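# Notes for the structure review
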Amino acid sequence: MPAPLKYDYPSASDEELVKWSQCGDTEAFEQLIFRHRDKIFARAMIMMRNEDQALELSQEAWVKAWQRLVQFQGDSSYTTWMTRIVINLCLDQLRRQKRVRVESIDELEEESGGVERLMPIIDSNPTAGMEQVELRRRIDEALGQLSEAHRTVVVLHEFEGLEYREIAKRVGISMGTVMSRLFYARRRLATLLSGIKRERSE
Amino acid sequence: MKTSDLKLELQAYVDGELSPDRHHRVESLLASDSQAREWVEGLRQISLLVRTNEPDLKVPTSREFYWSQIKRQMDQARASNEIRPVSTALNWFRWLVPAVGVAAVMVVVSIRSDRDEALLASTFDSMQTDSSAVVFRSESDGVTIHWID
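Thresholds applied
- Residues numbered from 1 in each chain as written.
- Chains lettered and ligands numbered in written order.
- Predicted model: local features only at pLDDT ≥ 70, side-chain atom pairs only at ≥ 80, totals over all residues.
- Heavy atoms only, no water.
- Helix = DSSP H or I, 4+ residues; strand = E, 2+ residues; numbered from the N terminus.
- Buried < 20%, exposed > 50% of the residue type's maximum accessible area, 1.4 Å probe, protein only.
- Contact = heavy atoms within 4.5 Å.
- Arc of directions from axis to C-beta.
- Patch = residues over 30% accessible without salt bridge, like charges linked within 9 Å, V, L, I, M, F, W, Y side chains within 5 Å.
- Areas by Shrake-Rupley, 256 points an atom, 1.4 Å probe, with all protein chains shown as cover.
- Salt bridge = Lys/Arg side-chain N within 4 Å of Asp/Glu carboxyl O.
- Core = buried A, V, L, I, M, F, W, Y, C linked by side-chain atoms within 4.5 Å.
- pLDDT = per-residue confidence, 0-100.
- Polar contact = N/O pair within 3.5 Å; in protein donor to acceptor, adjacent residues only side chain to side chain.
- Buried area = accessible area lost by both parts, 1.4 Å probe.
- Nonpolar A, V, L, I, M, F, W, Y, C, P; charged D, E, K, R; others polar.

What follows deals with the overall build of chain B. In terms of helices and strands, chain B carries five helices and two strands. Along its sequence from the N terminus, chain B presents helices and strands in the succession α-α-α-α-α-β-β. A buried classification covers 23% of the 149 residues belonging to chain B. For chain B, restricting intrachain contacts to residue pairs at least 6 apart in sequence, the fraction spanning at least 24 positions comes to 26%.

And the structure:
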């Protein structure tokens, strides 16, 4: 679909913007960036926990998206496609930094029977009464307290919606490790968020 | 089944990762085990909580600045793509020059080698009439010495 001379980009759908961008319309692409830049940056920030790196990787993701735009067939939403690109860049960066495999206290606990030992009943509603903005902020903090290995699995499963098998493939670990990391991460998150509840009641 | 395996099985149930057969077995267990039901409920709650409250983080720079940096990288990528055919040709030419050089050296060496062999043969021819030669060969050292007088 050729881009018309002057479009009302802000009111166009993502699909239209993508099609015009595929024809080389940088204004349409800029509008896509403006629309989704926070989400893409947030995903990078949650993974990397470093603002400069997250900023750089999110921008690199947009450049890669521009270069590969012809490959986007619309099988998924544009944001899903974009988040996959930025997540892949983050995983590559983490591998380069050799930080994913660094043993943290979390991983040591997991390997020494953490799943078995640390599974009391999760508080069914650890954040009752908390406002959503505050809740999101606290969840971000809790994610920041997980090891990178555990956080990566949580992000890929809970935010990206990937199945165990796909996570195992993308991170380069076994499905059993995916399951135990996810279990331990959830347990830890529940504990951290329960702490918030106690803090608020004091 | 060990307790830890059971917990991972329950998690897989919550995540919809079980085969129909295993899914059915877990449901049977849940019908009779209140602790397993509580675990499943706890896992569901924390999963839902995280999934529906993804941290809402904002790009820390202005729209214009963010876009300008991306645009610059896009332009650089485009420029490097545009010069790629030229650089490919240069790459080919870059390999051609040393290849021609090596070929030229081989030709020279070959010519000189032929000439040296001819010269050596003529030297031996001229020496044969009024000269003697002693050959010493050491098998253990793998050395052969030719003494020409």
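Glancing now at helix α1 (residues 14-22) of chain A. Residue and element names in this part refer to chain A. Every buried residue of α1 is listed here: Asp-14, Leu-17, Val-18, Trp-20 and Ser-21. Down the axis of α1, the sector holding all buried residues measures 165°, keeping them to one side. Where α1 is buried, its residues contact α2 (26-48), α3 (51-67) and α4 (78-97). Following α1 by one or two positions, Gly-24 adopts a phi angle in the positive range, close to 95°.

Residues and elements named next belong to chain B. A contiguous nonpolar patch, built from Phe-136, Val-143 and Ile-145 and spanning about 270 Å² of accessible area, is present on the exposed surface. Along the chain, Val-143 falls in strand β2 (residues 143-148). We classify Val-143 as partly exposed; its relative accessible area is 37%.

Another aspect to go through is the nonpolar core. Residue and element names in this part refer to chain A. With 84 residues, the main nonpolar core has Phe-29, Trp-62, Tyr-78 and Met-82 as its most contacted residues. Looking at this core element by element, the count peaks at twelve residues for α2. What Tyr-78 contacts, discounting residues up to four positions off in sequence, is Asp-14, Val-18, Phe-29, Leu-32, His-36, Trp-62, Ala-65, Leu-69 and Phe-72.

All names here are of chain B. Overall, the prediction assigns chain B a mean pLDDT of 79, with 72% of residues at 70 or greater. Counting contacts from residues 84-88, a segment whose pLDDT is below 50, to residues more than four positions away or on other chains yields zero contacts. Note on residues 123-127: pLDDT is under 50 here. Beyond four places in sequence and across chains, it has two contacts.

Once that is clear, we can look at the side chain of Asp-14 of chain A. Residues and elements named next belong to chain A. Structurally, Asp-14 can be placed in helix α1. Relative accessible area serves as the criterion here: at 17%, Asp-14 is assigned to the buried category. Looking at Asp-14, its side chain comes within polar contact range of the side chain of Arg-35, at 2.9 Å.

Let us look at the interface of chain B and chain A. At the junction of the two partners, chain B supplies 40 residues and chain A supplies 51 residues. Counting the surface lost from both chain B and chain A, the interface buries some 4,500 Å², and carbon and sulfur atoms represent 63% of this. Here chain B is connected to chain A by six salt bridges. Linking Arg-51 of chain B and Glu-158 of chain A is a salt bridge whose minimum nitrogen-to-oxygen distance equals 2.7 Å. At the junction of chain B with chain A, the criterion picks out 16 residue pairs in polar contact (both at pLDDT 80 or more). Looking at the side of chain B that touches chain A, the elements with two or more residues in it are α1 (3-14), α3 (34-51) and α4 (63-82) of chain B. The biggest single contributor to the side of chain B that touches chain A is α3 of chain B, with eleven residues. Taken together, the residues that form the side of chain B that touches chain A break down as 16 nonpolar, 13 polar and eleven charged.

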